[in-house]
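# Coordinates in review
Single-letter residue listing:
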Amino acid sequence: MSFAQLSRLTREQPLRMLLVNAGEPDNLAWSGLVQPLRLAQRLLHGAFQLDVITPQQAAGLAGDWQLALLVADEGSARPADAQLRAVIERCRAAEYWGGVGAGVLWLAQTGAAGGARIALPWALYAETEDVTERAILTPNLFEIDGRLMSCCGGAASIDFSLTLIEALFGANVQAEIKEALCIDRVRSSEERQRVALQARFGALQPKLSEAVTLMEANIEEPLSTDDIAGLVGLSRRQLERLFKQYLGALPSRYYLELRLQRARQLLLETNHSIVQVGLMCGFSSGSHFSTAFGTLFGNTPREERQRKLQG
């Protein structure tokens, strides 16, 4: 799913968005999300209404929102069950809804994530024993899966907020807000929490962590799945089972996405030619690089480079 699908929400009516803040007002997950949105509200006047409530206010509240998010940082106390159910009921009534930071964990724990891909803060991975059968945890900064949106919180909340603004109101509005906040680059939804894998699997699944480390160290000359399996002391089938169980993809697919993520970063942050970028990320064929890149990101390497030039 792409955030671009959100653009339809603003075609015929002013947008209303609900934020339920279950944490402290000065935590990064909250402030990173709300500040860009408040700037957007000022720029757009009546075209965008942002409503902010606490979990305590959710039970007695009625409204018609197109987007609704439950927001909390990792240190926030989970609301009482009845209160949390009321919050989820309000949020799920929106066309798109979800959580940020610890809010993502609470949604998954209650089963509200319904088997969707979710971006959970790496610091909360130790609390996911009862979650992995109810949702698919990804190491990405933020996700959209069907109607459900999730963001790992922290500084990624700023990237998430600005991505929402671009999808809803266009690149020009996002550019004004980036300039006001002195932000140069917005990280994409596919970028990964760098410490997430080790934090979640390090002690419990050292072979998995070791395999991913090998992949990250061999981007330019990719290893085969059999090579990786042999180097970590597993059979190919055992390695594939680990990746499917914990990362939701075969090793070859995970490795390909890792290389494409690196390619995207190089296209945006360096002046290497597109051909050079492809070679640096293990693609000897320019057509294969372009096709794989387009399948994952929805645009070609040339279009991605053009974004850098326009920015």
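Here's a quick rundown of the structure. Bear in mind the structure is a predicted one, so any value in this text is a computation, not a measurement. (Residues numbered from 1 in each chain as written. Predicted model: local features only at pLDDT ≥ 70, side-chain atom pairs only at ≥ 80, totals over all residues. Heavy atoms only, no water.)

Right, let's talk about the environment of R147 for a bit. Looking at where R147 falls in the secondary structure, it is placed in the loop between β7 (142–145) and β8 (148–151). Along the backbone, R147 and A116 are 31 residues apart, and their C-alpha atoms lie at a distance of 9.6 Å. Those residues in contact with R147 that lie beyond four places of it in its chain are R92, A94, E95, Y96 and W97. Looking at R147, its side chain comes within polar contact range of the main-chain oxygen of R92, at 2.7 Å. (Helix = DSSP H or I, 4+ residues; strand = E, 2+ residues; numbered from the N terminus. Contact = heavy atoms within 4.5 Å. Polar contact = N/O pair within 3.5 Å; in protein donor to acceptor, adjacent residues only side chain to side chain.)

L6, L69, M149, F160 and L164 are the most contacted members of the largest nonpolar core, which has 37 residues in total. Considering every element that reaches this core, the biggest residue donor is helix α5 (residues 156–169), with 8 residues. Beyond its immediate chain neighbours, meaning those up to four positions away, L6 contacts Y96, I144, M149, L164, A167 and L168. (Core = buried A, V, L, I, M, F, W, Y, C linked by side-chain atoms within 4.5 Å. Buried < 20%, exposed > 50% of the residue type's maximum accessible area, 1.4 Å probe, protein only.)

Quick look at the sheet that holds strand β2 (residues 48–53) now. If you walk across this open sheet you meet the 6 strands as β2-β1-β3-β4-β8-β7, and the pairing is mixed. Looking at strand neighbours, the two that pair on one side only are β2 and β7, the edges of this open sheet. Strand-to-strand twist across the sheet, computed as the mean angle between neighbouring axes with direction ignored, equals 15°. In the sheet, β7 pairs with β8 via 4 bridges, with the strands oriented antiparallel. Paired with I144 across the two strands is M149, which belongs to β8. The sheet strands contacting helix α1 (residues 28–44) are β1 (15–21), β2, β3 (67–72) and β4 (96–101), and the helix crosses β2 at an angle near 145°. (Pairing = 2+ DSSP bridges. Axes fitted to C-alpha atoms, helices over the stretch in contact; angles between N-to-C directions.)

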